[in-house]
Amino acid sequence: MKQIVIAERICLIGHIVSMFFGLVGILLVVPNAEVLFHLSEFGQTAMQWSMAGGGVVYMILGAAAVFLYALRTLGLGRTLGFMLPAVLISLTSELLGTSTGFPFGHYSYLSGLGYKIAGLVPFTIPLSWFYVGCSSYLLGRAGLEVDKKPTLLRHIGAISLGSLLLTSWDFVLDPAMSQTSLPFWYWQQPGPFFGMPYQNFAGWLGTGAVFMTVAAVLWRNNPIKFERSQLNVPLIVYLGNFGFATVMSLAAGFSIPVLLGVVLGVAPALALWWKGSSASNLISVETSTTEVSIASSIKAVN
């Protein structure tokens, strides 16, 4: 278990650092290529690596960090029960979207995000759906105390909130990543929301809701008991990726998507984390109190 924790932390730190290097490369180096000449040899190498494969690396590390976290806290069965539907369903949606325009609208991926499956979708894209989707769903599930008081309404609420957090991230990410000086995809039919069609939001909400629902069914009502600190990783992953998208959007002059994302994404994520952490801490206290009471009773009987 200790080795898993160490590997998880290395991947998480690498994920954050890779995003930082990506921002520096996209926002500073690409528009100002002469900056490279003022860097040390190490700096030039780092920037060249960042531009060549930074996008691929940060998504792989993000997926690895969340996979290891889920393996440690949820177990292999639940981890695969979320990861496989998330990857396969999101890949199906992306392949449909890039070939037919449904459910997101007409768009195409450019280079920079790795090998394209069927020549259409970079293999890293379903990984990003998995790790941000898993973080979003776990925050929703813990915040609504689904595992403490499992009801159909709470399950639906967790799926709805998880999908909303996932989509709110895209509010901020999509306009910038498609219109930066080094775009990673483009819209063949730009829409009214800072170049994105409104259909894109419905596609994100629907895709997220489908694979989260499948995961919820596969997990059934087997309770998940989080320690207070165990919800920190989903929050860090969500806020880290939101922060990356925020810097990109603000640099492109898109402030309204950021404000919308903060209201519909960051604020609910923090509230759910706080509620879920408090509930988890209460469960831990109640468990400890029960154990002490039982131990005291046994001692009294003896």
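On a predicted model such as this, the values are computed, not experimentally measured, just so you know. (Residues numbered from 1 in each chain as written. Predicted model: local features only at pLDDT ≥ 70, side-chain atom pairs only at ≥ 80, totals over all residues. Heavy atoms only, no water.)

Engineer: Where do I start with the nonpolar core in this structure?
Structural biologist: One recurring pattern in soluble globular proteins is that nonpolar side chains are buried together. If you look at the biggest cluster of nonpolar residues, it comprises 73 residues, and the most contacted ones within it are Phe-82, Phe-130 and Tyr-131. With 11 residues, the top contributor of residues to this core is helix H4 (residues 124-143). Those residues in contact with Phe-82 that lie beyond four places of it in its chain are Phe-130, Gly-133, Cys-134, Tyr-137, Phe-211, Met-212, Ala-215 and Trp-219. (Core = buried A, V, L, I, M, F, W, Y, C linked by side-chain atoms within 4.5 Å. Buried < 20%, exposed > 50% of the residue type's maximum accessible area, 1.4 Å probe, protein only. Helix = DSSP H or I, 4+ residues; strand = E, 2+ residues; numbered from the N terminus. Contact = heavy atoms within 4.5 Å.)

Engineer: How should I be thinking about the UniProt feature "transmembrane region" (unreviewed entry) in the chain in this particular structure?
Structural biologist: This chain's UniProt record puts "transmembrane region" (unreviewed entry) on residues 12-30, 50-70, 82-105, 117-140, 152-172, 201-219, 231-250 and 256-274. Along residues 201-219, the helical share is 100% and the strand share 0%, with 27 Å between the first and last C-alpha atoms. What you have in residues 256-274 is 100% helix and 0% strand, and the ends, taken at the C-alpha atoms, are 26 Å apart. (UniProt positions renumbered as here; feature names shortened; annotations may be inferred.)

Engineer: I would appreciate a short explanation of helix H7 (residues 232-251) in the present structure.
Structural biologist: Helical geometry: 3.6 residues make up each α-helical turn, so side chains three or four residues apart lie on a common side. When the terminal C-alpha atoms of H7 are compared, their 28 Å separation across 20 residues agrees well with the 28 Å that a helix rising 1.5 Å per residue should span. Directly beyond the C-terminal end of H7, a positive phi value near 85° is found at Gly-253. (Expected span 1.5 Å × (residues − 1).)

Engineer: What is the right way to read the environment of Ala-64 from this model?
Structural biologist: Tracing the backbone through its elements, the reader meets Ala-64 in helix H2 (residues 41-74). By relative accessible area, which is 24% here, Ala-64 ends up partly exposed. The spacing of Ala-64 and Cys-11 is 53 residues in sequence and 6.4 Å in space, taken between C-alpha atoms.

Engineer: Can you walk me through the pattern of salt bridges in this structure?
Structural biologist: Any two side chains of opposite charge can pair if their charged atoms end up close together. Counted according to the given criterion, the structure contains 4 salt bridges. Ionic pairing is found between Asp-147 and Arg-141, a salt bridge with its closest N-O pair at 2.8 Å. Glu-145 is paired through a salt bridge with Lys-149; the nearest N and O atoms lie 3.8 Å apart. Given a relative accessible area of 41%, Lys-149 falls into the partly exposed group. (Salt bridge = Lys/Arg side-chain N within 4 Å of Asp/Glu carboxyl O.)

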